[in-house]
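Summary of structural features
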Amino acid sequence: MSLEIANVSKSFDGAEAVLDDVSLAMHEGEFLALLGPSGSGKTTLLNVVAGLTRPDRGRLVLDGEDITDRHAGARRFGMVFQSYALFRHMSVAQNVDFGLRVLPRAERPPKAERDARVRELLDLIEMGDLGARYPAQLSGGQRQRVAMARALAISPKLLLLDEPFSALDAQVRQSLRGSVRELQRKVGVAAILVTHDQTEAFAIADRVAVMNTGRIEQIGTERELRDAPASPFVRDFLKAGA
Ligand code: ADP
């Protein structure tokens, strides 16, 4: 998988640009974090990648193919967004199966195959015995693991995570970070995480893109960003959160 985001700009209702000529390239299997203060454009950029928000300018190229005009369903990315919580009236297994039922009819595997895939995914998140439970009977961390399994059901090329840990307490957050990273590696999927928490970004991501007022100020590893910040903003932002 390679994803290229080229010169993407977006503004809402003629207001100031929320994304201002953003470009970045992601590598195979990479875990990238979008880090920045509230309002810097992280979620908008993720939504552009997801196909939920149309950019005013710029292109998205996935494995050499221009996907800018492809709608969200056709992009087939895995999404764990706050707004896509688990369905409360569905069991854990049904929630994960839902990830497969969204496929167009012609591509949807038959029930027996889906059941096998759901079992495989529940084993992957180490919740093999909990398929019959309902979301209300799970911990916050378990719910997020189920959301991950649902997102991974269709074997997406890219996993999009929007502040997936924000509602959890510090200890759960830390352990979930580890399991998300482990799961991502095991499956070999590339991932983009939106977060305002630099500890989280550096703990989980291979590279971090620091955003400020709709622009990527700098992209790099923790060492690169700390040792050679490209702007006073990057230096001060990282210092403030240390
Ligand atoms: P972040 O995720 O970094 O907090 P967002 O991408 O959510 O930033 O928002 C960046 C800016 O874009 C904010 O000022 C926000 O109010 C504005 N914005 C985001 N979505 C919309 C929308 N649908 N309509 C109007 N303004 C929006």
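For clarity, every value in this text was computed on a predicted model and none was experimentally measured.

Turning our attention to the overall build of the protein chain. Looking only at helices and strands, one finds nine helices and ten strands in the protein chain. For 242 residues, the compact-globule estimate of 2.2 N^0.38 gives 18 Å, and the C-alpha radius of gyration of the protein chain, at 18 Å, lies within 12% of that figure. The principal-axis extents of the C-alpha atoms in the protein chain amount to approximately 55 × 40 × 30 Å. When each of the 242 residues of the protein chain is scored for burial, the buried share is 38%.

Here we take up the domain arrangement of the protein chain. Annotation of the protein chain at the domain level lists domain 1 (3-75 + 157-241) and domain 2 (88-155). Spacing between the C-alpha centres of domain 1 and domain 2 amounts to 26 Å. Per-element tally for the side of domain 1 that touches domain 2: the top contributor is helix H6 (residues 170-187), with seven residues. The class makeup of the residues in the side of domain 1 that touches domain 2 is ten nonpolar, two polar and no charged.

Now for the site of the ligand. Lining the immediate environment of the ligand, one finds Phe-12, Val-18, Gly-36, Ser-38, Gly-39, Ser-40, Gly-41, Lys-42, Thr-43 and Thr-44. Of the residues assigned to the shell around the ligand, the class counts are two nonpolar, seven polar and one charged.

What counts as what
Residues numbered from 1 in each chain as written. Predicted model: local features only at pLDDT ≥ 70, side-chain atom pairs only at ≥ 80, totals over all residues. Helix = DSSP H or I, 4+ residues; strand = E, 2+ residues; numbered from the N terminus. Rg over C-alpha atoms; globule rule 2.2 N^0.38 Å. Buried ≥ 20, exposed ≤ 12 C-beta atoms within 10 Å, placed from the backbone. Domains from an automatic or database assignment. Nonpolar A, V, L, I, M, F, W, Y, C, P; charged D, E, K, R; others polar. Near = placed C-beta within 6 Å.

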